[in-house]
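# Notes for the structure review
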Amino acid sequence: MDVKWGNLGSVFGASLGITIAVVVMFSLGVAAWGRAGSGPRDGQPRDGQERAALAVAALCFAACLAVAAYGIDVIVPG
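Below or above, wherever it landed, is the structure these notes cover. Numbering of residues begins from 1 in every chain and follows the order in which that chain's sequence is written. Given that this is a predicted model, residues contribute local features only at a pLDDT of at least 70 and side-chain atom pairs are listed and counted only at 80 or more, while totals for whole chains, interfaces and linings are drawn from all residues. With hydrogens and water set aside, each side-chain value is computed from the structure's full complement of heavy atoms.

### A closer look at the overall build of the protein chain
- For helices the rule is a DSSP run of H or I covering at least 4 residues; for strands it is a run of E covering at least 2, with both sets numbered from the N terminus onward. Secondary structure assignment for the protein chain yields two helices and zero strands.
- When we talk radius of gyration, it's over C-alpha atoms, and the globule rule is simply 2.2 Å times the number of residues to the 0.38. In terms of C-alpha radius of gyration, the protein chain reaches 19 Å, well past the compact-globule figure of 12 Å for 78 residues.
- When the backbone C-alpha atoms are referred to their principal axes, the protein chain occupies close to 70 × 25 × 15 Å.
- For the exposure calls, accessible area comes from a 1.4 Å probe over protein chains only, and a residue counts as buried if that area is under 20% of its type's maximum, exposed if over 50%, partly exposed in between. The proportion of buried residues among the 78 residues of the protein chain is 12%.
- The contact criterion used throughout is that any non-hydrogen atoms of two residues lie within 4.5 Å. Across the protein chain, contacts joining residues at least 24 apart in sequence account for 57% of those joining residues at least 6 apart.
- For the protein chain, the computed accessible surface area is about 6,300 Å², with 70% contributed by carbon and sulfur atoms.
- Just so you know, the count uses Lys and Arg for positive and Asp and Glu for negative, and it drops His and the chain ends. Where a charge lies is defined by one atom per residue type: Lys uses NZ, Arg uses CZ, Asp uses CG and Glu uses CD. If the 5 positive side-chain charges of the protein chain are averaged to one point and the 5 negative ones to another, these points end up 5 Å apart. Computed by Shrake-Rupley with a 1.4 Å probe, the accessible areas treat only the displayed protein chains as cover when residues are assessed.

Structure representation (structure tokens):
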């Protein structure tokens, strides 16, 4: 039985890259959510920047969820 070091290295590299990407996306989502604020203040509606930040946060969290769902789909036999 031989270990194919090139294949092992490519799997390690891909796993490391995806892990870093998910952590960065989640961090960006948390930062955007914090920038969006806690909601309307004093009865004033959200302005354009707060809406954009909320949309970016939702997009980042959706991307993280998609990666996690794909990983579960690959692991769990269906």
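### Looking at the packing of aromatic side chains
- Side-chain rings of Phe, Tyr and Trp, where Trp is taken by its six-membered ring, are said to pair if the distance between their centres is within 6.5 Å; with planes under 30 degrees apart they count as stacked, over 60 as edge-to-face, and otherwise as tilted. Evaluated as defined, the whole model comprises two aromatic pairs.
- When the ring of phenylalanine 26 is compared with that of phenylalanine 61, the centres are 5.4 Å apart and the planes differ by 55°; the resulting orientation is tilted. Of the two residues, phenylalanine 26 sits in helix α1 (residues 5-36) while phenylalanine 61 sits in helix α2 (residues 48-75), which places them 35 residues apart along the sequence.
- Residue phenylalanine 26 is classed as partly exposed on the basis of its relative accessible area of 45%.
- Overall, phenylalanine 61 belongs to the partly exposed group, its relative accessible area being 25%.
- Members of the aromatic cluster, each reached through a chain of ring pairs, are Phe26, Trp33 and Phe61.

### Focus on α1
- The span you would expect from a helix comes to 1.5 Å times its residue count less one. Over its 32 residues, α1 runs 46 Å from end to end, which matches the ideal 46 Å to within 8%, given 1.5 Å per residue.
- Those residues of α1 that sit buried are Gly29, Ala32 and Ala36.
- Next to the buried residues of α1 lie α2.
- Backbone geometry just after α1 places glycine 37 at a positive phi near 90°.

Don't take any of this as a statement about function, it's just geometry.
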